[in-house]
Amino acid sequence: MQFAQRRHQIDSSGIRRIFDLAANLKDPCNLSIGLPDYDVPDVVKEAAIDAILHGKNRYTLTAGIPALRQKIKAMYDARGQAAVAQDVIVTSGTSGALFLVLLALLDPGDEVMMADPFFVMYKHLSNFIGAVPRMVDTYPDFRLTRERLEAAWTPRCKMLILNSPNNPTGRLYTREELEEAGRFADEKGLVVLSDEIYEHLVYEDGGCVSGAAFSDPARTVIVSGLSKSVAMTGWRLGWCAGPKDLIKAMSEIQQYSFVCAPAPAQEAALAAGMDFDMAEIRQLYARRRDLIYRGLTELGYDVERPGGAFYIFPKAPGGDGDAFVERAIENNLLIVPGSVFSERRSHFRISFAASERQLERGLEILSGLLAKTPA
Ligand code: PMP
């Protein structure tokens with residue numbers, strides 16, 4: 001088959017290699033997975049089943065069920081973000097929202113700033129549509145600073161993607177960092193795209209400060225969804241809140257692409273998903289975060305304490321994350337090399353969306369690997 005040029009802009013070889021290496025493992029300790037380790041809560045399942053049984057199985061309006069859009073908008077209004085959330089579109093997962101925002105706003109050659117390490121889709125989607133990712137190197141502490149933003153900026157930059165809590169580092173940006181980033185974006189006329197998919201998985205007092213709170217609302221967009229909170233990863237339910245003209249453009253693109261987000265998932269989000277109380281789950285993950293962070297530091301790993309999400313991003317002993325992950329897999333531990341999320345290959349990602357037993361097992365293997373690493 002003769003493929004379009006654009007097809008070659010998506011490079012999933014890094015993660016594929018891990019899957020290939022992992023294929024023959026029996027009962028591996030799997031700390032690689034980026035999704036919750038619990039199932040969709042019963043109330044949300046029941047709402048979806050009810051919707052299906054009551055014939056809510058057809059196309060919805062392109063931008064989503066009006067009552068759900070209103071509910072999402074009301075949530076942002078209540079948080080004091082009415083100026084940003086002028087309008088809302090419901091999408092096929094947060095990925096669907098990201099895709100539509102980038103398609104609506106970026107021309108080939110436009111540049112997109114993102115913190116490195118980054119969520120994989122930002123880089124590959126940008127490349128896919130002919131835009132150019134500009135990496136804001138945030139090593140070793142994964143903080144956003146004015147200097148780091150300046151170092152990555154060019155006059156062709158049109159957008160800054162913020163993701164807090166962050167995949168893959170677990171970093172929760174402080175109010176000061178986000179203020180600085182917002183000010184920088186306004187000075188340079190950048191669109192701020194704040195990916196808040198982990199907004200409910202925050203383990204610090206004070207909760208999550210929105211990355212959309214400090215830039216001109218006319219150029220600020222929030223994407224989020226229910227994949228990581230109520231574990232609806234397979235149901236594909238996300239959204240985008242932003243300026244009216246952008247939401248209109250995204251709806252038109254959605255009309256001729258995804259059409260709409262799955263109807264039963266929208267109904268379930270409306271009836272139960274949006275209101276699900278995350279307090280218990282947050283506590284559970286906070287304990288796991290403490291377990292893995294303490295365990296790694298006691299072993300002597302060089303690692304930052306995550307404030308949110310369910311990832312931790314230690315430095316690989318010996319400095320080569322790819323080689324280290326290969327050895328981990330040989331020892332039955334599945335983790336992801338940092339090079340999948342970064343231009344650097346010095347780190348690796350552990351997901352702590354796993355039972356405490358699995359995390360302890362993982363720490364044991366990591367302890368053994370450390371002992372075998374040449375200084
Ligand atoms: N943004 C980030 C930062 C993510 O980690 C993910 C999922 N791994 C997504 C967006 C996409 O989520 P969804 O399943 O809702 O498309």
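Everything that follows concerns the structure shown earlier in this document.
Owing to the predicted nature of the structure, the values given are computational and were not obtained by experimental measurement.

Colleague: Just to check I follow, could you spell out the overall build of the chain for this structure?
Modeller: In terms of helices and strands, the chain carries 12 helices and 12 strands. A compact globule built from 375 residues would reach a C-alpha radius of gyration of about 21 Å, and the chain, at 20 Å, matches this within 12%. Taken along its principal axes, the extent of the C-alpha atoms in the chain is 60 × 55 × 50 Å. Among the 375 residues that make up the chain, the fraction classed as buried is 54%. The long-range fraction of contacts in the chain, counting pairs at least 24 apart against all pairs at least 6 apart in sequence, stands at 75%. Split by element, the accessible area of the chain, about 16300 Å² in all, is 51% carbon and sulfur. Separation of charge centres in the chain, based on 42 positive and 48 negative side chains, amounts to 3 Å.

Colleague: Any chance you could explain helix 12 (residues 356-372) here in plain terms?
Modeller: For the α-helix, the turn length of 3.6 residues means that residues three or four positions removed from each other point alike. Between its first and last C-alpha, helix 12 extends 25 Å over 17 residues, near the 24 Å set by a 1.5 Å rise per residue. What helix 12 keeps buried is the set Gln-358, Leu-359, Arg-361, Gly-362, Leu-363, Ile-365, Leu-366 and Leu-369. Those residues of helix 12 hidden inside the fold are in contact with strand 1 (29-30), helix 10 (279-299), helix 11 (321-330), strand 10 (333-334) and strand 12 (348-351).

Colleague: Help me understand the sheet that holds strand 11 (residues 336-337) in this model?
Modeller: Across a sheet, paired strands are connected by hydrogen bonds in the backbone, their directions being either parallel or antiparallel. Pairing is antiparallel in the open sheet, where 3 strands are placed in the order 9-12-11. The open sheet terminates on both sides in strands that have one partner only, identified here as strand 9 (311-312) and strand 11. Sheet topology note: the strand 11/strand 12 ladder contains 2 bridges and is antiparallel. Bridged to Val-336 within strand 12 is Arg-349.

Colleague: Quick question: what am I supposed to make of the sheet that holds strand 5 (residues 157-163) here?
Modeller: Strand order in the open sheet formed by 7 strands is 2-8-7-6-5-3-4, with mixed pairing between adjacent strands. Strand pairing shows two members of the sheet lacking a second neighbour, strand 2 (87-91) and strand 4 (132-137), which therefore form its edges. Strand-to-strand twist across the sheet, computed as the mean angle between neighbouring axes with direction ignored, equals 20°. Two strands pair when backbone bridges link them, and strand 5 and strand 6 (residues 191-195) are joined in this way by 5 bridges, in the parallel orientation. Bridge assignment links Ile-161 to a residue of strand 6, and that residue is Leu-193.

Colleague: Please explain the site of the ligand as it appears in this structure.
Modeller: Inspection of the region around the ligand gives 13 residues, with Ser-95, Asp-195, Tyr-198, Lys-228 and Arg-236 positioned closest. With respect to the ligand, the backbone of Thr-94 contributes an N or O atom lying 2.8 Å from an oxygen atom. For the ligand, whose free accessible area comes to 400 Å², the fraction covered by protein is 91%. At 3 residues, helix 4 (residues 93-105) tops the list of elements feeding residues into the shell around the ligand. Counted by class, the shell around the ligand contains 4 nonpolar, 6 polar and 3 charged residues.

Criteria and thresholds
- Residues numbered from 1 in each chain as written.
- Predicted model: local features only at pLDDT ≥ 70, side-chain atom pairs only at ≥ 80, totals over all residues.
- Heavy atoms only, no water.
- Helix = DSSP H or I, 4+ residues; strand = E, 2+ residues; numbered from the N terminus.
- Rg over C-alpha atoms; globule rule 2.2 N^0.38 Å.
- Buried < 20%, exposed > 50% of the residue type's maximum accessible area, 1.4 Å probe, protein only.
- Contact = heavy atoms within 4.5 Å.
- Areas by Shrake-Rupley, 256 points an atom, 1.4 Å probe, with all protein chains shown as cover.
- Lys, Arg positive; Asp, Glu negative; His and termini not counted.
- Charge placed at Lys NZ, Arg CZ, Asp CG, Glu CD.
- Expected span 1.5 Å × (residues − 1).
- Pairing = 2+ DSSP bridges.
- Axes fitted to C-alpha atoms, helices over the stretch in contact; angles between N-to-C directions.
- Near = heavy atom within 4 Å.
- Polar contact = N/O pair within 3.5 Å; in protein donor to acceptor, adjacent residues only side chain to side chain.
- Nonpolar A, V, L, I, M, F, W, Y, C, P; charged D, E, K, R; others polar.

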